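# Descriptive analysis of the structure
Chain residues, written in single-letter form:
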Amino acid sequence: MTPEDRFPGPEHPHSGPRHQPDLDVLPYGTYYEPEPAAGYQDSAPYEAETYSGYGGARYLEQHWPADGQGHGHTVHAQGIGTDQGPVDLAAAFSHQGQGDYEGGYEAAGYEGGYDTPEHAGHDVHTGHDVRSGHEVHSGHDVQDHPGYEPTLPDQPSPALQLADRDDPPTIELGPPLPDPAAPTYPYPAPGPGEPPGPVYVVGDVHGYLDELRAELHHQGLIDADGHWSAGRARIWFLGDFTDRGPDGIGVIDLVMQLAAEAAAAGGYCRALMGNHELLFLGAHKYGDEPVQSTAGTASFLAAWRLNGGQQNDLDRLEAHHISWLSRLPAIGLEDGHLLLHSDTTAYLEYGESIPDVNDAVHSLLADGGVDEWWDCFRRFTKRFAFRGDAGPMAVHELLDTYGGSRIVHGHSPIPYLTGAVHADDGQPPHIPGPYVYADDLAVAMDGGVTMEGRLLVARLPI
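In this text, all values refer to a predicted model and were calculated from it rather than measured experimentally.

What counts and what doesn't
Residues numbered from 1 in each chain as written. Predicted model: local features only at pLDDT ≥ 70, side-chain atom pairs only at ≥ 80, totals over all residues. Heavy atoms only, no water. Pairing = 2+ DSSP bridges. Helix = DSSP H or I, 4+ residues; strand = E, 2+ residues; numbered from the N terminus. Axes fitted to C-alpha atoms, helices over the stretch in contact; angles between N-to-C directions. Contact = heavy atoms within 4.5 Å. Buried < 20%, exposed > 50% of the residue type's maximum accessible area, 1.4 Å probe, protein only. Patch = residues over 30% accessible without salt bridge, like charges linked within 9 Å, V, L, I, M, F, W, Y side chains within 5 Å. Areas by Shrake-Rupley, 256 points an atom, 1.4 Å probe, with all protein chains shown as cover. Salt bridge = Lys/Arg side-chain N within 4 Å of Asp/Glu carboxyl O. Lys, Arg positive; Asp, Glu negative; His and termini not counted. Charge placed at Lys NZ, Arg CZ, Asp CG, Glu CD. Parallel < 35°, antiparallel > 145°, perpendicular 65-115°, else oblique. Nonpolar A, V, L, I, M, F, W, Y, C, P; charged D, E, K, R; others polar. Phe/Tyr/Trp six-rings, centres within 6.5 Å; stacked < 30°, edge-to-face > 60°. Expected span 1.5 Å × (residues − 1).

## With respect to the sheet that holds strand β7 (residues 268-271)
Spatial strand order, β7-β6-β5-β15: four strands in an open sheet with mixed pairing. In the strand order of this sheet, the two ends are held by β7 and β15 (457-460), each with one partner. Each adjacent strand pair in this sheet contributes to an overall mean axis angle of 20°, direction not counted. Sheet topology note: the strand β6 (residues 234-237)/β7 ladder contains four bridges and is parallel. For F237, the partnering residue across the bridge sits in β7 and is A271. Relative to β7, helix α3 (residues 248-264) is tilted by about 145°, and along the sheet it contacts β6 and β7.

The structure is reproduced here in structure tokens:
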């Protein structure tokens with residue numbers, strides 16, 4: 001079987017039986033099948049610091065539905081509103097008419113507000129006074145109004161000529177600015193002695209939106225209508241939202257929605273950039289433009305199609321999706337777990353710290369050319385670095401560089417890591433849960449949903 005034959009057939013019209021292998025292929029490349037590995041093991045819980053400098057809870061102001069409906073779910077946040085009550089964040093933060101709103105997914109907390117004196121009651125973009133309903137004409141000569149008397153330059157304003165005092169009134173400046181060195185939390189900050197919520201990780205989704213919703217609901221993380229119900233919980237998606245399954249854009253929209261809703265509830269929902277995010281963005285940006293692969297000339301679009309790219313996703317890709325995907329971090333660290341998409345040591349080639357790696361990838365996507373994009377995709381498509389006798393050494397190399405006590409990754413389906421992909425009876429592979437291996441130092445989370453395995457959502461530590 002040639003690599004081009006690995007993903008034949010039409011696009012998936014719906015979630016259903018699926019028997020195709022789930023290994024990414026570069027054009028004209030091959031992958032070997034792994035030996036069977038050890039079984040599932042449990043490890044003792046441990047605690048470590050949480051790295052929260054990347055990922056996201058700022059989508060309340062960037063990606064909430066512009067129609068103000070929020071799919072029938074309105075979020076009200078404490079401390080944001082007027083004297084009449086809380087403001088609907090969907091309306092307050094919509095950016096209508098901006099086709100390519102640039103925004104990040106980086107800060108852990110909500111920053112800024114709209115209750116400052118110069119903004120109160122006015123729409124600063126349109127010049128419309130929302131309290132009176134009249135237009136504000138900034139260029140009108142107010143001296144033409146009857147009874148207007150300009151204030152002389154050597155006299156105080158009549159508003160300051162108060163009885164029994166000569167000094168101007170004190171202006172309330174609000175609370176002091178927070179200490180930059182103090183720890184930051186998602187909005188709102190926890191109360192005294194209140195710990196952050198539990199941590200969950202989600203393996204590769206690959207467009208299977210219905211399966212994702214079902215598993216999140218089963219874990220109590222969303223309600224029956226698909227909205228956040230996990231309070232202060234923390235969720236990390238490990239990447240690969242699109243390709244092979246029927247609704248990759250729907251998956252992206254759901255994760256962006258949950259990021260906003262989780263932030264309002266005091267938790268957060270974050271995501272990593274997988275190799276399929278790089279491939280999807282490259283297919284959109286560069287199309288059939290040739291790239292110099294190691295085995296011949298190819299293109300992002302050809303590789304995307306070869307690896308299960310769905311035209312329906314590409315057709316529905318919008319500017320805000322591109323902005324969000326382009327700013328996803330490549331690495332995260334949460335409660336002692338080093339979170340990666342790919343089981344490879346290629347991250348070491350992009351920096352010696354988590355911020356360095358994430359900044360390098362973001363800079364490459366912003367300013368790099370097609371060959372640099374291709375090289376990054378090729379490196380993050382490597383796999384199986386933590387398997388075998390040398391696996392623990394590779395894990396330690398990453399942990400010693402970036403921190404943490406254990407690696408949690410997606411990318412390589414568990415049936416390939418265990419050798420269970422070719423069952424003699426033709427039945428789907430049995431995936432009881434996350435796979436712990438490499439001397440208990442690595443946890444694999446890709447349950448092989450595209451090959452009739454499972455879409456895994458698990459609470460850490462495993």
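On we go from here.
## Thoughts on the pairing of strand β12 (residues 406-409)
Of the two faces of β12, the one holding R406 and V408 and the one holding I407 and H409 are both buried throughout. With three bridges joining them, strand β11 (residues 337-340) and β12 adopt parallel strand pairing. Looking at β12, one finds that H337 is bridged to R406. Relative to strand β14 (residues 442-444), β12 runs parallel, the two being bridged by three bridges. Note on β14: the bridge partner recorded for I407 is A442.

## Description of a negative patch on the surface
On the surface, a cluster of negative charge is contributed by E289, D367, D371 and E372. Counting through the fold element by element, E289 comes out in the loop between α4 (275-286) and β8 (290-293). When its relative accessible area of 37% is taken as the criterion, E289 is described as partly exposed.

## Overview of the packing of helix α8 (residues 354-367) against helix α9 (residues 370-380)
Between α8 and α9, whose axes approach to 9 Å, the crossing angle comes to 140°. Taken as axis vectors, α8 and α9 run oblique relative to one another. Two secondary-structure elements touch here, α8 through V361, L364 and L365 and α9 through E372, W373, C376 and F380. Here the contact of α8 with α9 is built from residues that sort into six nonpolar, no polar and one charged.

## Thoughts on the packing of aromatic side chains
Two aromatic rings, taken as a pair, are described by how far apart their centres are and by the angle between their planes. For the structure on display, the rule yields twelve aromatic pairs. Aromatic pair F237 and F241: ring centres 6.0 Å apart, planes at 55°, arrangement tilted. The class of F237 is buried, set by a relative accessible area of 1%. A centroid spacing of 5.4 Å and a plane angle of 80° characterise the contact between Y286 and W373, whose relative ring orientation is edge-to-face. Of this pair, Y286 sits in helix α4 while W373 sits in helix α9; the two residues are 87 residues apart in sequence, bridging distant segments of the chain. Under the relative-accessibility criterion, Y286 is labelled buried at 13%. Taking the relative accessible area as the measure of exposure, W373 reaches 5% and is therefore buried. Clustering of aromatic rings is evident, with ring pairs tying together Y286, F300, W373, W374 and F377.

## So, α3
Given 3.6 residues to a turn, an α-helix orients residues that are three or four positions apart in the same direction. Over its 17 residues, α3 extends 25 Å from the first C-alpha to the last, a length consistent with the 24 Å expected when each residue adds 1.5 Å. α3 sits mainly inside the fold: 16 of its 17 residues count as buried.

## Focus on unusual backbone geometry
Across the junction of L460 and P461, the peptide omega takes the value 0°, indicating a cis bond. Its place among the elements puts P461 in the segment after β15. Unusually for a residue other than glycine, H411 sits at a positive phi of about 80°. Summarising the element assignment, H411 is placed in the loop between β12 and α11 (414-418). Backbone geometry places E452, a non-glycine residue, at a positive phi of 65°. As for its position among the elements, E452 is in the loop between β14 and β15. Relative accessible area serves as the criterion here: at 23%, E452 is assigned to the partly exposed category.

## Remarks on the pattern of salt bridges
Applying the stated criterion across every chain yields a total of seven salt bridges. Linking D247 and R316 is a salt bridge whose minimum nitrogen-to-oxygen distance equals 2.6 Å. Taken as a pair, D247 in the loop between β6 and α3 and R316 in helix α6 (residues 311-316) lie far apart in primary sequence, 69 residues in all. Across the pair D375 and R379 runs a salt bridge, and its minimum N-O distance is 2.6 Å. One end of the pair, D375, and the other, R379, are both in helix α9, four residues apart, so they sit about a helical turn from each other. Through salt bridges with shared partners, a single ionic network connects E349, D375, R378 and R379.

## A closer look at the sheet that holds β12
The five strands are arranged β10-β11-β12-β14-β13 in an open sheet whose pairing can be described as mixed. The sheet terminates laterally at β10 (331-334) and β13 (435-437), the two strands that pair on one side only. Ignoring strand direction, the axes of neighbouring strands in this sheet form an average angle of 25°. Of the strands in this sheet, β10 and β11 touch α8, which is tilted by about 150° from β10.

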